[in-house]
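The lines below spell out each chain.
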Amino acid sequence: MGFFMAETATSLSRFLRAGGQAALHEKRRRKASRAAACLAALCLAVCPAGCAVSPEKKEMLFYAMDTAMELTAYGDGAEQGINEAYQYILKLDRLLTNKDEDSEISGLSRAAGQADVTVSPETAQVIDAALEYCRQSGGLFDITIAPLTSLWDIGPEKTSRPADSDIEAACALVDYRRLLKTGENAYRLDEPKMAVDLGAVAKGFASDGAAAILKGCGVKSALISLGGNIYCVGAKPDGKPWRIGLRDPDGKAGDYFAIVRVTDKAVVTSGDYERYFMLGGVRYHHIIDPRTGLPARSGLRSVTVIADSGTLADAFSTALFVMGVEEAMAFQKRHGGFEAVFVTEDKQVVVTEGLRDIFEFRGGQEGYGYED
Amino acid sequence: MRIKWGDFAVVALILAAAALVFLLFAPEKASGPLTAVVRVDGGERRRIVLSDIPEGEILRIPLEKPAGMVIEARRDGVRVARSDCPDQVCVRTGWITRAGQSAVCLPYRVAVRLEGGADDIVDGIAG
């Protein structure tokens, strides 16, 4: 490249000087043409080098919604976008969390069977979107599942399971159809002791909002990871798609069994390894089947959903886990609008048709099977 | 037309300018030596290049807080050896030895991650 530029520079220099020789004020013209040649060639020299300049990277790691979150963005607007997205996520956490009795969702649950509760527009947006996915999944994703999630209280320190009678009682309180919209931004849980848990959809919703904020600040390339809920804004700074690993259910954080190449997509996984405890050799994980009140036993270790919407990907990754691979594949065919990857308990990896071109299997060494 | 020494001067100047711009602004390569990075509450606190650790030695990495946490590093990896947190997820992760792997203590907001290395081929991990 250097030689090319040197030749160009020399030719330019000579060309201009040759033209200048015919002029009246030869000496001045010669100086001027030499200067012009230098300037032109310098510009040429800098341009290819300038192509090597990549947009500046900004990143932030913080803790919210009970998990570690990382925002990475490139170019002008990255810093502002990240700061605004961070504030937005904290605000959403305060509105939606079950861990704080002052949150709007806690207020809604407390008023169950008693009164309508008016919430802020953001909260209403999450509830409305989530209810739609409850309907579409036939209730296998159900945001009124709170009585069951708090009864089980799944975590690594747990050493016992709830009594069957308690599970039955909690199950009876789970029914998204009895979370009623009573007015603009107003809702009511129809029966006392019913409660709302947005844990299965909040991070996905937050990632959609964060992506919109980043784009609004002019960011063309960003990677959002909210506790493993991924959202890719645009492509990477070099124009190539983002490469997202899918976590190996049996590996450490950072191990993956496959890679998907995505642009402008959410990638969300629900797995039995995220929150669980072992009892008598049985894994009790956090994805409860609303029909049985027990952790879903559908033959799956994990489900990853890839879609334009993080909210949809989050909600459906839960629903599809509960469905099991056959019902889930049929659901995906009927519904459309997203793709999915399944890992079964027999270590088989199953992928929906639309993913094949962007899916790279890497699980051979860890004993996973995949039919190309 | 004969080549004057002035031509050489111009060419040399342009090559130098190009080289300078390239060196100043060229993108940094993603890979580098395998490095253990410890972040507390999102802020970087420690950065250890594993190959700086003598073979066979275990380096203890103290933190100002949390006081009860012990992080250890050796030539081939890093781990949270001890923690006062209730769930012990960070300790149970054990030694991490590959770029991209991490051990995270959510209650104490400590994230230990291995970065660099030759195998950085994913940008993020879902799940």
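Residues numbered from 1 in each chain as written. Chains lettered and ligands numbered in written order. Predicted model: local features only at pLDDT ≥ 70, side-chain atom pairs only at ≥ 80, totals over all residues. Heavy atoms only, no water.

Chemist: Please provide a residue-by-residue account of the overall build of chain B, values included.
Modeler: Per the secondary structure count, chain B includes 2 helices and 8 strands. For chain B, the sequential pattern of α-helices and β-strands runs α-β-β-β-β-β-α-β-β-β. The proportion of buried residues among the 127 residues of chain B is 40%. Contacts spanning at least 24 positions in sequence make up 34% of the contacts within chain B whose residues lie at least 6 apart. Summed over its atoms, the accessible surface of chain B is roughly 7300 Å², and 57% of this surface lies on carbon and sulfur atoms. (Helix = DSSP H or I, 4+ residues; strand = E, 2+ residues; numbered from the N terminus. Buried < 20%, exposed > 50% of the residue type's maximum accessible area, 1.4 Å probe, protein only. Contact = heavy atoms within 4.5 Å. Areas by Shrake-Rupley, 256 points an atom, 1.4 Å probe, with all protein chains shown as cover.)

Chemist: Any details on the pattern of salt bridges? Residues and values, ideally.
Modeler: In this structure the tally under the stated criterion is 36 salt bridges over all chains. Measuring nitrogen to oxygen at the nearest pair gives 3.0 Å for the salt bridge that ties E56 of chain A to K58 of chain A. Overlapping salt bridges, with partners in common, bring together E70 of chain A together with R39, E44, R47, R113 and E115 of chain B in one network. (Salt bridge = Lys/Arg side-chain N within 4 Å of Asp/Glu carboxyl O.)

Chemist: Any details on the nonpolar core? Residues and values, ideally.
Modeler: Residues and elements named next belong to chain A. In terms of nonpolar packing, the biggest core is built from 74 residues, with I89 and L320 touching the most fellow members. Per-element accounting of this core gives the leading share, 9 residues, to helix α9 (residues 310–323). Those residues in contact with L320 that sit more than four places away from it in its chain are L300, V303, V305, A328, F331, F338, A340 and F342. Counting residues in hydrophobic clusters, the runner-up holds 22 residues, among them Y74, C232, I306 and Y368. (Core = buried A, V, L, I, M, F, W, Y, C linked by side-chain atoms within 4.5 Å.)

Chemist: Now, about the environment of G324 of chain A: what can you tell me, with residues and values included?
Modeler: Residues and elements named next belong to chain A. Mapping G324 onto the fold places it in the loop between α9 and α10 (325–335). The exposure class assigned to G324 is buried, which follows from its relative accessible area of 4%. Once the C-alpha coordinates of G324 and G367 are considered, the two residues, 43 residues apart in sequence, prove to be 21 Å apart. Once residues lying within four places of it in the same chain are set aside, the contact partners of G324 are S298 and L300.

Chemist: Talk me through the side chain of T97 of chain A; I want residue IDs and the actual numbers.
Modeler: All names here are of chain A. With respect to the element layout, T97 can be found in the loop between α3 (78–96) and α4 (104–110). In this structure the side chain of T97 is engaged in a polar contact, spanning 2.9 Å, whose partner is the backbone nitrogen of K99. Contact partners of T97, with chain neighbours within four places excluded, come to S103, I105 and S106. (Polar contact = N/O pair within 3.5 Å; in protein donor to acceptor, adjacent residues only side chain to side chain.)

Chemist: Give me the lowdown on the sheet that holds strand β6 (residues 221–226) of chain A, citing residues and values where you can.
Modeler: Residues and elements named next belong to chain A. Reading across from one edge, β1-β2-β6-β7-β10-β13-β14-β15-β17 is the order of the 9 strands in this open sheet, with mixed pairing throughout. A strand with exactly one partner marks an edge of an open sheet, and here the two such strands are β1 (57–64) and β17 (369–370). Relative to strand β7 (residues 229–233), β6 runs antiparallel, the two being bridged by 5 bridges. When the sheet's bridge partners are listed, I224 is paired in β7 with Y231. Packed onto the sheet, α9 meets β7, β10 (265–271), β13 (300–307) and β14 (339–344) and runs at close to 155° relative to β13. (Pairing = 2+ DSSP bridges. Axes fitted to C-alpha atoms, helices over the stretch in contact; angles between N-to-C directions.)

Chemist: How would you explain the sheet that holds strand β16 (residues 359–361) of chain A if you had to name every residue and give the values?
Modeler: Strand pairing in a sheet relies on backbone hydrogen bonds. The paired strands run either parallel or antiparallel. In spatial order, the strands read β16(A)-β9(A)-β8(A)-β8(B); together these 4 strands make up an open sheet with mixed pairing. One side of each edge strand has no neighbouring strand; the edge strands of this open sheet are β16 of chain A together with β8 (124–126) of chain B. With strand direction ignored, the average angle separating the axes of adjacent strands in the sheet is 30°. Where strand β8 (residues 242–247) of chain A meets β8 of chain B, 3 bridges bridge the pair, whose relative direction is parallel. Within β8 of chain B, the residue paired with G245 of chain A across the bridge is I125 of chain B.

Chemist: Before we move on, could you go through the state of the cysteines and cite the residues and values that matter?
Modeler: Per the stated rule, a full pass over the model turns up 0 disulfides over all chains. Note on C217 of chain A: no disulfide assigned, nearest cysteine sulfur contributed by C232 of chain A at a separation of 19 Å. Of all cysteine sulfurs in the structure, the one in C85 of chain B sits closest to C90 of chain B, which takes part in no disulfide; the separation is 3.7 Å. (Disulfide = S-S within 2.5 Å.)

Chemist: Residue-level account of the packing of α3 of chain A against helix α8 (residues 202–216) of chain A, with values.
Modeler: All names here are of chain A. At a closest axis distance of 9 Å, the pairing of α3 and α8 adopts a crossing angle of 150°. Classified by the angle their axes make, α3 and α8 are roughly antiparallel. Note on packing geometry: the crossing formed by α3 with α8 is right-handed. Counted together, G81, I82, E84, A85, Y88, I89, L92 and L96 of α3 and A202, F205, A206, G209, A210, I213 and L214 of α8 form the full contact between these two elements. Along the lines of polarity and charge, the residues of the contact of α3 with α8 split into 12 nonpolar, 2 polar and 1 charged. (Parallel < 35°, antiparallel > 145°, perpendicular 65-115°, else oblique. Left-handed = near helix turned anticlockwise from the far one by under 90°. Nonpolar A, V, L, I, M, F, W, Y, C, P; charged D, E, K, R; others polar.)

Chemist: Explain the pairing of strand β6 (residues 102–105) of chain B to me, and be specific about the residues and the numbers.
Modeler: All names here are of chain B. With 4 bridges connecting them, β6 and strand β7 (residues 110–115) associate as antiparallel partners. Bridge pairing in β7 links A103 to V112. As consecutive antiparallel partners, β6 and β7 are separated by 4 residues, and within that stretch R109 has a phi angle of approximately 55°, a positive value.

Chemist: Go over the packing of α3 of chain A against helix α5 (residues 121–136) of chain A with me, naming the residues and quoting the values.
Modeler: Each pair of packed helices gets described by two things: the angle between the helix axes and the distance between those axes. Residues and elements named next belong to chain A. Between α3 and α5, whose axes approach to 10 Å, the crossing angle comes to 70°. Considered as vectors, α3 and α5 are oriented roughly perpendicular to each other. Between α3 and α5, the contacting residues are K91, L92, L95 and L96 on the first element and E122, T123 and V126 on the second.

Chemist: I'd like to hear about the packing of aromatic side chains, residue by residue, with values.
Modeler: Residues and elements named next belong to chain A. The final tally for this structure, using the stated rule, is 11 aromatic pairs over all chains. With a centroid separation of 4.7 Å and 80° between ring planes, the pair formed by F62 and Y86 is classed as edge-to-face. Linking F62 in strand β1 with Y86 in helix α3, this pair joins segments that are 24 residues apart in sequence. Considering the side-chain rings of F359 and Y370, the 5.0 Å spacing of their centres and the 55° angle between planes classify their relative orientation as tilted. Pair noted here: F359 is in strand β16 and Y370 is in strand β17, with a separation of 11 residues, a long-range link. Taken individually, F359 and Y370 each receive the classification buried, so the pair is uniform in this respect. It is R283 that lies over the ring of Y276; its NZ or CZ is 4.3 Å from the centre. If you follow R297 out to its NZ or CZ, it ends over the ring of Y284, 5.6 Å from the centre. (Phe/Tyr/Trp six-rings, centres within 6.5 Å; stacked < 30°, edge-to-face > 60°. Lys NZ or Arg CZ within 6 Å of the ring centre and 35° of its normal.)

The values are spatial; any link to function lies outside them.
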